[in-house]
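Residue strings, one per chain:
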Amino acid sequence: MSTATKPKHIGRNISRMRELRGMKQEALAQAIGTNQQAISGIESSETVDPAKLKEIAKALGVTVEAIENFSEESVFNYFNTFYDNSANNGQVNGPNNNCTFNPLDKVVELYERLVLVEREKVEYLEKLLGGK
């Protein structure tokens with residue numbers, strides 16, 4: 001059993017980061033001034049020229065180190081932590097953001113007020129017509 005670690009596959013990391021950013025190979029190619037076939041070749045290689053890697057990192061909006069140290073596990077941990085903390089554990093405006101009334105009751109109340117206003121209008125109009 002070997003204890004040597006397998007070198008990181010930089011091309012695969014670039015591919016996954018590009019996919020996570022929602023970017024197609026053509027878009028990345030255009031951003032760094034090359035063609036889609038060149039990006040395909042880069043993504044299939046284990047190592048990438050440092051200058052080219054710097055251009056790719058800039059186009060993806062990340063650092064070279066982020067590409068070199070990318071792992072699926074760290075992405076999922078980041079997003080899980082972000083989701084857990086961003087919405088205050090599901091509570092948008094703090095711990096007491098609970099509805100203190102029944103929205104349906106409010107609709108009924110509004111409807112009753114509208115009916116009352118219509119009744120008052122009818123009474124007013126009847127009074128006007130009755131006077132003539």
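Above this note sits the structure.
About the thresholds
Residues numbered from 1 in each chain as written. Predicted model: local features only at pLDDT ≥ 70, side-chain atom pairs only at ≥ 80, totals over all residues. Heavy atoms only, no water. Salt bridge = Lys/Arg side-chain N within 4 Å of Asp/Glu carboxyl O. Helix = DSSP H or I, 4+ residues; strand = E, 2+ residues; numbered from the N terminus. Buried < 20%, exposed > 50% of the residue type's maximum accessible area, 1.4 Å probe, protein only. Patch = residues over 30% accessible without salt bridge, like charges linked within 9 Å, V, L, I, M, F, W, Y side chains within 5 Å. Areas by Shrake-Rupley, 256 points an atom, 1.4 Å probe, with all protein chains shown as cover.

## Digging into the pattern of salt bridges
Right, on to step 1. Applying the stated rule across the entire model yields four salt bridges.
Right, on to step 2. Notably, a salt bridge pairs Arg16 with Glu19, separated by 2.6 Å at the nearest N-O pair. Of the two residues, Arg16 and Glu19 both sit in helix H1 (residues 10-20), three residues apart, roughly one turn of that helix.
Right, on to step 3. Given a relative accessible area of 26%, Arg16 falls into the partly exposed group.
Right, on to step 4. Two residues, Lys121 and Glu118, come together in a salt bridge whose shortest N-O distance is 3.3 Å. Here the residue Lys121 and the residue Glu118 both occupy positions in helix H7 (residues 103-130), the gap between them amounting to three residues, near one helical turn.
Right, on to step 5. Take Lys121: its relative accessible area is 46%, and that puts it in the partly exposed class.

## Overview of a nonpolar patch on the surface
Right, on to step 1. Where nonpolar side chains cluster on the molecular surface, the patch consists of Leu104, Val107 and Val108 and spans about 280 Å² of accessible area.
Right, on to step 2. For Val108, the location among the structural elements is in helix H7.
Right, on to step 3. Using a relative accessible area of 41% as the deciding quantity, one classes Val108 as partly exposed.

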